[in-house]
Each structure stands twice: as structure tokens, then as C-alpha cells.
Amino acid sequence: MTNLKSTNPKSIAVLGAGAWGSGLASIAEANGHRVSIWSRNGSYTLAEVVENADMIVSAISTKGVREVATQLQGLAIPPKAVFVTATKGLEPETISTPSQIWQETFPSHAVVVLSGPNLSKEIQLGLPAATVVASRSKDAAELVQLVFSSSRFRVYTNSDPLGVELGGTLKNVIAIASGVCDGLQLGTNAKAALVTRGLTEMVRIGNFWGAKTETFYGLSGLGDLLATCNSPLSRNYQVGYQMACGKTLTEILAHLEGTAEGVNTCQVLMQQAKQRNISIPITEQVYRLLQGEVTPRQALDELMLREIKPEYSY
Ligand SMILES: NC(=O)C1=CN([C@@H]2O[C@H](COP(=O)(O)OP(=O)(O)OC[C@H]3O[C@@H](n4cnc5c(N)ncnc54)[C@H](O)[C@@H]3O)[C@@H](O)[C@H]2O)C=CC1
Ligand SMILES: O=C(CO)COP(=O)(O)O
């Protein structure tokens, strides 16, 4: 068996003390690494946390990524520090992914994307899970793999960071649709159709932006889609489920624990799809539902009564 603890203890700075930042910090700490956590309301400054860091792990919601990256730019970052991003979203103004923001801000540092079917509540309970770390730098991805791998957390490397990052981001919109599907009690056939066609939509968008098709069939695409589309622990799923039960988006978001990134991602995708003429029918209905333009039942009818067509038309 592999000795998972064979790497020397590293200094890990985790940015964001929400559900996923805390989860990642616990995994690294349990593997014997020195972990310090920064959050907006915490007692450490950013400068203190990143000083001497071998790895800077960001689990900040998309809306805060650029602001924090810009604050870090003015600080003394160890030249060999590797950035790891675990955020699953898109910046509305630039359509950048979080890893693109980190790479643009720190062009001489390696950036690694960490993404997979990782519902943080299950990980907190010590249940087994697997994830993917992807980077243009093989060495950096392998270092992150060593730091996080354990008997409860299996980490695979991958060389398509954009595909891995988009898998985790795009599935959030399909998870909202899946929550609607379950909230309306549409059954297992409907759910299977939705998730499968959702994956087709993810591949289409991903290919458009330059991600590899096969990446979407791995843990960070299909894997994360299965986890979030089937679990009430997913906040995105909860948004859809509760809308199908008659609540408004405002009511749901007011009580939601943590961030449902799919709400903003859906808007960004619709803008792009309109400008570039990409067909994303499920995302379009989720968008219209979130905007209050259709009811969950009307969204279902719109999808079922679309023009009939061949299964494959990427
Ligand atoms: N919770 C989960 O199961 C997983 C979450 N993710 C992703 O990780 C990211 C964070 O998710 P959670 O930890 O669940 O969310 P959360 O809402 O629990 O935590 C978000 C963190 O970001 C920080 N933040 C937000 N805006 C900020 C700003 N302007 N400046 C500085 N900090 C700011 C918050 O203070 C908080 O520490 C999301 O992109 C999510 O999609 C990924 C995998 C699993
Ligand atoms: O991405 C996640 C699990 O992999 C978490 O999903 P939610 O953000 O929908 O809770």
C-alpha cells in the first residue's frame, strides 16, 4: 500500500473558513501539516497566514476571490508557494474561473484546481470521498495530491484544470434543476434524463471554452453531478427543491446555510449562451425559474415540448 504520509509536513494557508475551507483544513491537519486559516472575521491577518506558506488554499465564494487575490498581491508570498483553488463559480464581469483569477494575479506561481464530489458535511463525518487536483504543473498537482490524500480522501491528479474547474461549476446549475425534479416528485426516469442531458449541456459549454470532453466523464464532472443532484446536503439542490415546493428564491437564500453558486453561474451562462448562440436548454429553464418568469411546472413543459432532435449534436 502507498505510504500516504510520505511528504514532509508543509505550511498550508487556508483562505475562507466556511464549510469547505474548514473541511480542507481538517484533512490537511489530520495528515500532519501545519495549517492556518484566514477569514474576513478571523483573528489573523492575511500577511500572517501566508508568510512562509508552501501552499495557499482558497475556498472563498466566487464573489470574494478577486478582492482577496488583490489584497494578497501586495504581500510577501513565498516564491515557491502553490495556489490551490476549491471555489466552484464564474466571475460575472469577466467570465473568469477562480483559477484564472489566481493565475492572472500570480503569473509566476503554480495554480492547482481541487474539485470533485465533496459534500463537506459528509467529509466532516469522516465518510470516504475522492477528488481531483488539476494543474498545468504536474509537480504542483502531485504535491497537492500528497498533502490531501488519506485513507478517507482519495486524490487523483489531472492535466485539464479548466475541465475540472468547469465540471464543479456547471453542475451546480443542473443540481438546481434536479432539486426541482425531486421537489415536483417527477420520478427516477425523469431524474436520469435530466442528469444525462445536463451532462451533455456541460460538455457543450466546456468544449466551447476549451475543456476536454473526457474530463466531464470523470469525478469532477459526472461524479460531482451525481453527488449534488442526489443529495439534500447540496445547497444548489436545496434551492431547486424548495422552489418546487413553492418558496421564492429570496426566501430560500435568506435561510440557506452557505453559498449556492449555481444561482449566479446560471446568469453568467445565459449571457454567454445568448451572445455566442450555444444551446443550453436546461440552464435556460433554470434561469427563467430563478428570474420568476416561469413556474417549475412550466419549466418542465418547456423542456419536454422542445423540438425533437437527434441525441448527439455537440
Ligand atoms: N460546502 C461544500 O460542500 C463545498 C463547497 N465548494 C465550493 O467552495 C466555495 C465555498 O463554499 P462553502 O465553504 O460551502 O461556502 P461558505 O458560504 O460556507 O463559505 C464561504 C467563505 O467565503 C468567504 N467570503 C465570501 N465573500 C468574501 C469576500 N468578499 N472576501 C473574503 N471572504 C469572503 C466567507 O467569509 C466564507 O469564509 C464555493 O465556491 C463552493 O461552491 C466546493 C466543494 C464542496
Ligand atoms: O460542490 C459541492 C459538492 O461537491 C457542494 O455543493 P453545493 O454547493 O450545492 O452544496
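Since the structure is predicted, the reported quantities are computational estimates derived from the model, not experimental observations. Per chain, the residues get numbers from 1 upward, laid out in the order the sequence is written. Chains carry letters and ligands carry numbers; both start at the beginning, A for chains and 1 for ligands, and go up in the order they are written. Local features in a predicted model are, by the rule used here, given only for residues with pLDDT of at least 70; side-chain atom pairs are given and counted only at 80 or more, and totals for whole chains, interfaces and linings are based on all residues. Values shown for side chains rest on all heavy atoms present in the structure; no hydrogens or waters enter the calculation.

Some words on the packing of helix α7 (residues 161–183) against helix α8 (residues 188–209)
For the pair α7 and α8, interaxial distance at closest approach is 9 Å and the crossing angle is 150°. Considering their axes alone, α7 and α8 lie roughly antiparallel with respect to each other. Between α7 and α8 lies a crossing of right-handed hand. For the pair α7 and α8, contact is made by L162, L166, G167, L170, K171, I174, A177, S178, C181 and D182 and by A190, K191, L194, V195, G198, M202, I205, G206 and W209, respectively. Note that Gly is not counted as nonpolar here; it falls among the polar residues with everything else outside the nonpolar set of Ala, Val, Leu, Ile, Met, Phe, Trp, Tyr, Cys and Pro and the charged set of Asp, Glu, Lys and Arg. In terms of residue class, the contact of α7 with α8 is made up of 12 nonpolar, 4 polar and 3 charged. Fitted lines through C-alpha atoms give the axes, limited to the stretch in contact for helices. The angle between two N-to-C directions lies from 0 to 180 degrees. Numbering of helices and strands starts at the N terminus; helices are DSSP runs of H or I of at least 4 residues and strands are runs of E of at least 2. For classification, angles of less than 35 degrees are called roughly parallel, those exceeding 145 degrees roughly antiparallel, those between 65 and 115 degrees roughly perpendicular, and all remaining angles oblique. For any helix crossing, the convention is left-handed if the near helix is rotated counterclockwise from the far helix by under a right angle, and right-handed if that rotation is clockwise. Two residues form a contact once any of their heavy atoms are found within 4.5 Å.

Details of the packing of aromatic side chains
Describing an aromatic ring pair means giving the distance of the ring centres and the angle of the ring planes. Each pair of aromatic rings taken from Phe, Tyr and Trp, with Trp reduced to its six-membered ring, is defined by centres within 6.5 Å and is described as stacked if the planes are under 30 degrees apart, edge-to-face if over 60, and tilted in the remaining cases. Taken as a whole and judged by the stated rule, the model has 4 aromatic pairs. Judged by centre distance (5.3 Å) and plane angle (25°), the ring pair of F83 and W102 falls under stacked. Of the two residues, F83 sits in strand β4 (residues 82–85) while W102 sits in helix α4 (residues 98–105), which places them 19 residues apart along the sequence. W102 gets classed as buried once you look at its relative accessible area, which sits at 1%. Among the aromatic side chains, those forming a connected cluster through ring pairs are F83, W102 and F106. The classification of residues rests on relative accessible area computed with a 1.4 Å probe and restricted to protein chains. Under 20% of the type maximum is buried, over 50% is exposed, and intermediate values are partly exposed.

What to know about the site of ligand 1
Here, proximity means that at least one heavy atom of the residue falls within 4 Å of the molecule or strand. Looking at ligand 1, there are 24 residues lining it, with W20, K88, S120, T259 and E261 nearest. Between ligand 1 and A19 there is a distance of 3.0 Å, counted from an oxygen atom to a backbone nitrogen or oxygen. Residues adjacent in sequence count toward polar contacts only when both atoms are side-chain atoms; beyond that, a polar contact is any pair of N or O atoms within 3.5 Å, and within protein one must be able to donate a hydrogen and the other to accept it. In the model, an oxygen atom of ligand 1 is placed 2.7 Å from a nitrogen or oxygen of the T259 side chain. Method for areas: the Shrake-Rupley scheme with a 1.4 Å probe, in which residue coverage is limited to the protein chains shown. Here ligand 1, which alone exposes 820 Å², has 88% of that area covered by the protein. When the residues that make up the shell around ligand 1 are grouped by side-chain class, the tally is 9 nonpolar, 9 polar and 6 charged.

Focus on the sheet that holds strand β6 (residues 129–134)
The strand order across the open sheet formed by 7 strands is β2-β1-β3-β4-β5-β6-β7, and the pairing between neighbours is mixed. Here the strands that pair on one side only, and so sit at the sheet edges, are β2 (34–38) and β7 (153–158). Across the sheet, the mean angle separating the axes of adjacent strands is 25° when strand polarity is ignored. Following DSSP output, two strands are said to pair if at least two bridges run between them.

Topic: the site of ligand 2
Close to ligand 2 lie 13 residues; K171, D224, S234, R235 and N236 are nearest. With respect to ligand 2, the backbone of G116 contributes an N or O atom lying 3.1 Å from an oxygen atom. N118 is positioned with one of its backbone polar atoms (N or O) 3.0 Å from an oxygen atom of ligand 2. Contact with the protein chains removes 91% of the 300 Å² of surface that ligand 2 exposes when unbound.

Some thoughts on the packing of α7 against helix α10 (residues 219–229)
Here α7 crosses α10 at 30°, and the two axes come no closer than 8 Å. Viewed along their axes, α7 and α10 adopt a mutual orientation that is roughly parallel. By crossing handedness, the relation of α7 to α10 is classed as right-handed. Seen from α7, the contacting residues are V164, G167, G168, K171, I174, A175, S178 and D182; seen from α10, they are S220, G221, D224, L225, T228 and C229. Grouping the amino acids of the contact of α7 with α10 by side-chain chemistry returns 5 nonpolar, 6 polar and 3 charged.

Considering the UniProt feature "domain: Glycerol-3-phosphate dehydrogenase NAD-dependent C-terminal" (unreviewed entry) in the chain
This chain's UniProt record puts "domain: Glycerol-3-phosphate dehydrogenase NAD-dependent C-terminal" (unreviewed entry) on residues 160–300. Each end of residues 160–300 is marked by a C-alpha atom, and these two atoms are 34 Å apart; helix forms 76% of the span and strand 0%. UniProt positions are given in the numbering used here, feature names are shortened, and annotations may be inferred rather than shown by experiment.

Description of the nonpolar core
In plain words, nonpolar cores are sets of buried Ala, Val, Leu, Ile, Met, Phe, Trp, Tyr and Cys residues tied together by side-chain atoms within 4.5 Å. Within the largest apolar cluster, 45 residues are counted, with the highest numbers of intra-cluster contacts made by F216, V239, V286 and L290. Going through the elements one at a time, α7, α8, α10, α11 (235–244), α12 (249–255), α13 (262–276) and α14 (281–290) are the ones with two or more residues in this core. Here this core gets 10 residues from one element, more than from any other, and that element is α7. Excluding its chain neighbours within four sequence positions, the residues that come into contact with V286 are V173, I176, A177 and C266. Counting 26 residues, the second largest nonpolar core, distinct from the first, contains W20, V112, L114 and A129.

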